[in-house]
Amino acid sequence: MSAVGVVSSRSCLHPSVWLLKPGIQKASSFGLHMAARCAAKDYYEVLVLGGGAGGITMSARMKRKVGAENVAVVEPSKTHYYQPLWTLVGGGAKQLATSARPTGSVMPAGVEWIKSRVTALDPDKNCVYVENGSKISYKYLIIALGISLHYEKIKGLPEGFHHPKIGSNYSAHTVEKTWKAVQDFKEGNAIFTFPNTPVKCAGAPQKIMYLSEAYWRKTGKRSKANIMFNTSLGVIFGVKKYADALLEIIKERDIAVNYKRNLIEVRADKQEAVFENLDKPGVTEVHQYEMLHVTPPMGPPDVLINSCVSDEIGWVDVDKETLQHKKYPNVFGIGDCTNLPTSKTAAAVAAQSGVLDRTISLVMKNQLPTKKYDGYTSCPIVTGYNKVILAEFDYNAQPLETFPLDQSKERVTMYHMKADMMPFLYWNALLKGYWGGPAPVRKLMHLGLK
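All of these numbers come straight from a predicted model, not from anything done at the bench. (Residues numbered from 1 in each chain as written. Predicted model: local features only at pLDDT ≥ 70, side-chain atom pairs only at ≥ 80, totals over all residues. Heavy atoms only, no water.)

## Thoughts on the packing of aromatic side chains
How two aromatic rings sit relative to each other is set out by the distance from centre to centre and by the angle between their planes.
Then comes step 1: Inspection of the entire model under this criterion finds 10 aromatic pairs.
Then comes step 2: Between Tyr82 and Tyr426, the ring centres sit 4.5 Å apart and the planes meet at 40 degrees, which makes this aromatic pair tilted. Here Tyr82 is found in the loop between strand 3 (79–81) and helix 3 (86–90), whereas its partner Tyr426 is found in helix 9 (residues 412–430), with 344 residues between them in sequence.
Then comes step 3: Here Phe237 and Phe393 contribute two aromatic rings whose centre-to-centre distance is 5.9 Å and whose plane-to-plane angle is 85 degrees, an arrangement assigned as edge-to-face. You can see Phe237 sitting in the loop between strand 12 (225–231) and helix 7 (240–252) and its partner Phe393 sitting in strand 21 (residues 387–393), a full 156 residues away along the chain. The burial state of Phe237 is the same as that of Phe393; both residues are buried.
Then comes step 4: Members of the aromatic cluster, each reached through a chain of ring pairs, are Tyr82, Tyr426 and Trp427. (Phe/Tyr/Trp six-rings, centres within 6.5 Å; stacked < 30°, edge-to-face > 60°. Helix = DSSP H or I, 4+ residues; strand = E, 2+ residues; numbered from the N terminus. Buried < 20%, exposed > 50% of the residue type's maximum accessible area, 1.4 Å probe, protein only.)

Rendered as structure tokens:
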């Protein structure tokens, strides 16, 4: 892409780039994109944007590589959440407080925490801008800004959450409302939704459905519940092995699945949910609900939309094997904000972090990256209060299982892994930069054959 094309189509800064010839901006195959450094207020060898799972784990890894004083993280939030736990919070099996820690407590010691929000990126000048207008320059940039929730794209939300009988496990502000709605259910439709956008943890919209069904069975309300899963997708799950297992569970538990149905409006005062039939654009259906669980539309953070570092949609445009930016060799991406064609999960972040660590190490030595990310991701699909199907798969939607057993079966052991072991691993290994996914365990379990 030429320099003129970049400036005309993206919200990069410094219009003087127009004056540059396209050839000037090209980097060698592994040389750094080293334009003149900004006369910035601050400069760091490694600058990390975002203090979520990807940002914290990479800042910990970079601290060991270049020293804490040379690493900074830009993150406005005072609280860091282990969000995969929210499925169990919404189902009443865990408390919200157990998923939260102060951001300062997970920030690697000595690493600079810039308590602000990124407002613009200028990779041609190796700078970013933050809310107060300050510039921060860098030698290497890691973008880990996550994904944005857009409840407002559903008419009637988020204000509808002020009414009872509606919740969402995707926000700290609404996840406890889910459990209240489950408990207060009396009789009628219980509707669980999946939006017509990419989402993080694509299994979560149905996990809460299985937990709710189990709770109502336990409390004698199941016969009064008409459970509906209204999904914008055309399949229940993207990997056939696990989809087949889930469809058996759905059949056994008498759950209705309506494909290609996208939630477009919530009339919370009337307890009505309006869905568009994606196979018949413009055709809508209105369902009365006694309980509604909303999975919101999601998308790239606003700062990435129309940015030089993003693709046409707004996702950070990285090489799917090395996680290095396709145009700017000193820019890297990890996690939900990237256009990696795999499911957006914390497990994916873990696997990506090990690859990205190696990629950056080689780039710092002016060498070509060699380690390749295979798209590994994992979704522990909670199907009851003591059952989980542990889905693990790669870029090709093929199972990539850690254990030498059939992981499409519901297992108690996998539930305890989800509920107890994974949170411990997250706080004590991943965020400290010591967990790069289960590949070594998988190799050991399969005697090096997989």
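Read on, since the account is not over.
## As for the nonpolar core
Then comes step 1: Counting residues in hydrophobic clusters, the biggest one holds 123 residues, and the most contacted among them are Leu47, Leu121, Ile143, Trp216 and Phe237.
Then comes step 2: Of the residues forming this core, the biggest block, 8 residues, is contributed by helix 8 (residues 346–364).
Then comes step 3: Dropping the residues within four chain positions of it, Phe237 is found in contact with Gln206, Tyr242, Ala243, Leu246, Cys379, Ile381, Ala391 and Phe393.
Then comes step 4: Core analysis: the second largest hydrophobic core is formed by 5 residues, Trp86, Val89, Leu96 and Ala172 among them. (Core = buried A, V, L, I, M, F, W, Y, C linked by side-chain atoms within 4.5 Å. Contact = heavy atoms within 4.5 Å.)

## Details of the sheet that holds strand 15 (residues 272–277)
Then comes step 1: The strand order across the open sheet formed by 3 strands is 14-15-16, and the pairing between neighbours is antiparallel. If you trace the sheet from one side to the other, it starts and ends with strand 14 (261–267) and strand 16 (284–288), each paired once. Across the sheet, the mean angle from the axis of one strand to that of its neighbour is 30 degrees, orientation sign disregarded.
Then comes step 2: Bridge count for strand 14 against strand 15 is 6 bridges, and the pairing is antiparallel. The partner of Glu265 across the bridge, within strand 15, is Val274. (Pairing = 2+ DSSP bridges. Axes fitted to C-alpha atoms, helices over the stretch in contact; angles between N-to-C directions.)

## Digging into the sheet that holds strand 13 (residues 256–258)
Then comes step 1: Strand order in the open sheet formed by 5 strands is 10-17-11-12-13, and the pairing between neighbours is parallel. Strand pairing shows two members of the sheet lacking a second neighbour, strand 10 (166–167) and strand 13, which therefore form its edges.
Then comes step 2: With 2 bridges connecting them, strand 10 and strand 17 (residues 291–293) associate as parallel partners. Note on strand 17: the bridge partner recorded for Ile166 is Leu292.
Then comes step 3: Each of strand 11 (188–194), strand 12 and strand 17 touches helix 6 (residues 204–218); the most contacted strand, strand 11, lies at about 160 degrees to it.

## What to know about the confidence of the model for the chain
Caution applies to low-pLDDT regions: their predicted coordinates should not be interpreted in detail.
Then comes step 1: For the chain, the average pLDDT comes to 91, and 90% of its residues sit at 70 or higher.
Then comes step 2: Overall, residues 1–11 carries pLDDT values under 50, and its contacts beyond four positions in sequence, including any with other chains, amount to 24 contacts.
Then comes step 3: Counted against residues more than four places away or in other chains, residues 13–31, with its pLDDT under 50, gives 28 contacts. (pLDDT = per-residue confidence, 0-100.)

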